[in-house]
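A structural walkthrough
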Number of protein chains: 6
Amino acid sequence: MGIRSFFSLFLLSVTIPYAMASDPSPLQDFCVAVNNPANALFVNGKFCKDPKLVTADDFFKSGFDKAGNTTNRIGSSVTAFNVDTLPGLNTLGISLVRIDYAPFGQNPPHTHPRATEGLIHFQFNPTRSKAVAFAALSSQNPGVITIANSVFGSKPAIDPIVLSKAFQLDVNVVKNLQTKF
Amino acid sequence: MGIRSFFSLFLLSVTIPYAMASDPSPLQDFCVAVNNPANALFVNGKFCKDPKLVTADDFFKSGFDKAGNTTNRIGSSVTAFNVDTLPGLNTLGISLVRIDYAPFGQNPPHTHPRATEGLIHFQFNPTRSKAVAFAALSSQNPGVITIANSVFGSKPAIDPIVLSKAFQLDVNVVKNLQTKF
Amino acid sequence: MGIRSFFSLFLLSVTIPYAMASDPSPLQDFCVAVNNPANALFVNGKFCKDPKLVTADDFFKSGFDKAGNTTNRIGSSVTAFNVDTLPGLNTLGISLVRIDYAPFGQNPPHTHPRATEGLIHFQFNPTRSKAVAFAALSSQNPGVITIANSVFGSKPAIDPIVLSKAFQLDVNVVKNLQTKF
Amino acid sequence: MGIRSFFSLFLLSVTIPYAMASDPSPLQDFCVAVNNPANALFVNGKFCKDPKLVTADDFFKSGFDKAGNTTNRIGSSVTAFNVDTLPGLNTLGISLVRIDYAPFGQNPPHTHPRATEGLIHFQFNPTRSKAVAFAALSSQNPGVITIANSVFGSKPAIDPIVLSKAFQLDVNVVKNLQTKF
Amino acid sequence: MGIRSFFSLFLLSVTIPYAMASDPSPLQDFCVAVNNPANALFVNGKFCKDPKLVTADDFFKSGFDKAGNTTNRIGSSVTAFNVDTLPGLNTLGISLVRIDYAPFGQNPPHTHPRATEGLIHFQFNPTRSKAVAFAALSSQNPGVITIANSVFGSKPAIDPIVLSKAFQLDVNVVKNLQTKF
Amino acid sequence: MGIRSFFSLFLLSVTIPYAMASDPSPLQDFCVAVNNPANALFVNGKFCKDPKLVTADDFFKSGFDKAGNTTNRIGSSVTAFNVDTLPGLNTLGISLVRIDYAPFGQNPPHTHPRATEGLIHFQFNPTRSKAVAFAALSSQNPGVITIANSVFGSKPAIDPIVLSKAFQLDVNVVKNLQTKF
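The residue numbering used here restarts from 1 in each chain and proceeds along that chain's sequence as written. Working convention: letters from A go to chains and numbers from 1 go to ligands, in the order in which they are written. The predicted origin of the model limits local features to residues at a pLDDT of at least 70 and limits the giving and counting of side-chain atom pairs to 80 or more, whereas totals for whole chains, interfaces and linings rest on all residues. In computing side-chain properties, one takes all heavy atoms of the structure into account and sets aside hydrogens as well as water.

Turning our eyes to something else, we now look at the sheet that holds strand S7 (residues 121-124) of chain A. A pair of strands is considered paired only if DSSP assigns at least 2 bridges between the two. The helix and strand labels rest on DSSP assignments: H or I over at least four residues marks a helix, E over at least two residues marks a strand, and numbering proceeds from the N terminus. Pairing is antiparallel in the open sheet, where 3 strands are placed in the order S7-S6-S9 (chain A). The sheet terminates laterally at S7 and strand S9 (145-146) of chain A, the two strands that pair on one side only. Across 2 bridges, the pairing between strand S6 (residues 106-111) of chain A and S9 of chain A is antiparallel. Bridge pairing links His110 of chain A to Thr146 of chain A in S9 of chain A. Contacts are residue-level and defined by heavy atoms, with any inter-residue pair within 4.5 Å sufficient. Think of each axis as a best-fit line through the C-alpha atoms, taken over the contacting stretch in the case of a helix, with angles from 0 to 180 degrees between the N-to-C directions. Lying over the sheet, helix H3 (residues 160-167) of chain F contacts S6 and S7 of chain A, oriented at roughly 75° with respect to S6 of chain A.

As a further point, take unusual backbone geometry. Although it is not a glycine, Thr91 of chain A sits at a positive phi angle of roughly 70°. Mapping Thr91 of chain A onto the fold places it in the loop between strand S4 (76-81) and strand S5 (95-101). On the basis of relative accessible area, Thr91 of chain A is assigned to the partly exposed category, the value being 29%. Here the phi dihedral of Phe104 of chain E falls at roughly 65°; this positive angle occurs in a residue that is not glycine. If you trace the backbone, Phe104 of chain E turns up in the loop between strand S4 (95-101) and strand S5 (106-111). For every residue, the accessible area (1.4 Å probe, protein chains only) is compared with the maximum for its type, and the residue is labelled buried under 20%, exposed over 50%, or partly exposed between those bounds. Judged by its relative accessible area of 39%, Phe104 of chain E falls in the partly exposed class.

A separate point is the state of the cysteines. All names here are of chain F. Any two cysteine sulfur atoms lying within 2.5 Å of each other are counted as a disulfide. For the structure shown, the criterion picks out 6 disulfides over all chains. Linked covalently through their sulfurs, Cys31 and Cys48 form a disulfide whose S-S length is 2.0 Å. Taking the torsion about the sulfur-sulfur bond, which here is approximately -90°, the covalent link between Cys31 and Cys48 counts as left-handed. Residue Cys31 is found in the loop between helix H1 (6-22) and strand S2 (33-34), and its partner Cys48 is found in strand S3 (residues 47-48); the two are separated by 17 residues along the sequence.

It is worth spelling out helix H4 (residues 171-180) of chain F at this point. All of the buried residues in H4 of chain F are Val174, Leu177 and Gln178 of chain F. The buried residues of H4 of chain F all sit within an arc of 100° when viewed along its axis, so they share a single face. Of the exposed residues in H4 of chain F, the ones pointing more than 90 degrees away from its buried face are Asn172 and Thr179 of chain F. Buried residues in H4 of chain F make contact with helix H3 (160-167) of chain A together with helix H2 (147-152) and H3 of chain F. Taking the helix axis as origin, the arc is that swept by the directions to the C-beta atoms.

This part is about the domain arrangement of chain A. Note that the domain bounds were set by an automatic or database domain assignment. Each domain of chain A was delimited in the assignment, giving domain 1 (64-143) and domain 2 (146-181). A straight line from the C-alpha centre of domain 1 of chain A to that of domain 2 of chain A covers 25 Å.

Put into structure tokens, the structure is as follows:
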């Protein structure tokens, strides 16, 4: 039994004729994201593709049934289906992620600045088996702030003396962390 | 006694001087819709007219006191005062419709995808007299999905076997409906 | 030809069975306002009527086709169809008003603190005929602040010296106004 | 490899101490739904469980990895993880469904009145194999209106003459449909 | 002890590296306003500066610790830190004002059309000393409508007969006011 | 020159009479928070005080001009004017904080889960002088998550092996940190 995404294919079969044939202003129904605005104009979020040029491919992305590569330091892999990888999600306020975990792998402490799952959280696979999670977020562009990276890997670097006091760590430990992240 | 739209005329008399004379960024007070964006740029909704070029006509549309033509198959006529016909409504979250009904006419089952009156509903005039309704919707662009048209008139057509099972109709009845809508 | 409100009657015929029969949590579809909360509890807005007790009357209010009495100082009359007079509008973000104008009558300068028609505006009937307007507002409870009443009729009264300076009026003129509003 | 929900378990481990120990008003972080309000009070949505009584079980529901029973007329099964089945989702604006399809099964035309996937849509499995979809919706309580049920199964029933004209069906066909839904 | 704005400087030090290094679509985190859109395109609000060109200066404005000049008719001075003077506030839904009052000075009756502090209000310094207030508003562009200016200083002018009836003032008093505002 | 909060006093003088005398449903204008709901009922946010019992004190909190005590480990002090300390702010979407800094003091890395200033940020006073900041946040209840406390001070504690891998710290360093926060 395969994992199939019927959603995009069939939603589109109703959406496109509707928009093209009967609704004079479809941009509030769908607004397929475009990444390269003309003339260096920017808005909060993304501009929409010309509705006349929208196709089924704008609403489709394969791979939801494929495990990610977890052979890394933390033993996990996040595959995101958000506005950056599936432009048809733009303005819909929704996205999905697939997270694969190696045995004893973790998705380290993080927050999502633009979704309701916004407190600091993490997941840890406490078993000898691989594991997988499917998660939904309340934004097409939830973002992710991995705590350790943001604090110790900031560029330009935060003054190690400041971090030393904030985290009650020896300043040399902080300096060492800043080389790792 | 005539039905007169004083709203647009007088609101404007205050709005325009305010925006022009004292508010350096009036675009959040009004954003008169423009239909033909330059350079094929699109946003969710509509771009605004240059505030300096806004005039009273952008906030005015006559005809609210005129009955629509109900000599059609369903015996009703909807006259919409929304962002497509009255561009000054853009971003205001409001629109009006006048609905005229012939005797025994109906506004068939439909939904509005972008307004709170969003369950499937219809109106039927059960009398031998003409009737009229004035309705307000909580969007400048509420949209309308007429159920029968969307299901049986979709282009490209939905597979009649699918609809046959969904509606428990003989497949030939479905095929016949698809020729009508 | 009579003005008939079909909306409430028929929307209800679909809404109620839907909510009762198939939706386990209908309160986000409709929330008929109740005015007298038990136990002196208050929320921003209004509590909902028990969905099991909702009837067609909660969505119906007659009088939209009746002229208001304009024999008053300003020569106008506002008949409001909002959450206070039509409780089924609660949480729907929409309301209607009928405004009748005597010849040369006015609806004096005012704002609506909870609706997008929120700049100071007024209407004036510059003709020898009666007139009528139907207006929609983007809130079930838009409120109205009549400028002259709020400024000169505030209780407790605003210090006349403050108003004298704000409006560049003689302090005795202000005091006189405060007796009128 | 099993499908495991790590989300609820670990989010909770951070959320609860945070709310209990350091945030004096945690109700805007989570508001676990309670179904039986005291004293017949109702709000748009659901009341929250006393934060002091919240436990891990409020954020956990098993079964996401279990296929639903598709031996029914339409050949599909929807397992919903929304506020009604997983109360910890309340106020978070997100829900998930698992949809299983028999060979040639369908999820018939429907809309979601409280989520952005709100146009009429359906899914059909055009293969001889079983299939499964995981979908996310932008509300903890998106609702579902199955078109055929809502139109032909409404209680009280819609006048068959009205539906006959709306759907261009013989009135006896409509009456027959009304006995099936 | 000086009043220093650390906010902008340090928030930026984290924000910029984050946006540049790790987030492919930073425009929902910050959208620095630009005042002169190319090609006469307008949106509700303001376009964003190219994120690659954003600098610390976009988030900084000095002067919060400096008293304004209150030697004017009303004896007050408002220094605004909003999207027009501090472009980094764009889309953040927040602004600040510093208000200085001469002895017995006032900030005359006004409303903010785009912020929750939206009823008519004023402040009056009833003392022989100077005073200062720091206020926050729930919009980066709250706007201000000074009642007396909007009513009596509207351009084009409102018919004095209308205002005479609305404010119960002699028509010559109204005409005189209209020359002052 | 003293820092005086005129806002609450004078806004109230207009608000209260308005609500009491002319607006039948003032709860959308102000909803003064109450902390102890009757009957163990909870909502997302806070219930409102009976509008008839609202007084000027509900909108007033002194201390904005008083420096906080910065003799602590991090050398800073935050005085918050939010819904918990100034109940009249409820539902208004705005709050203020005063932050005092000792020489070389810091407000350590943190986020606000319910306000737009939501990326990780901090402030540091790099001078030998005391300093003060006034900041506004786009929520009456923005919350604060101090990173170090949330990660290393969570109760129940996060498994030190998980944190060791997430932060690339020796597990004994983590265990030591967990005793400090």
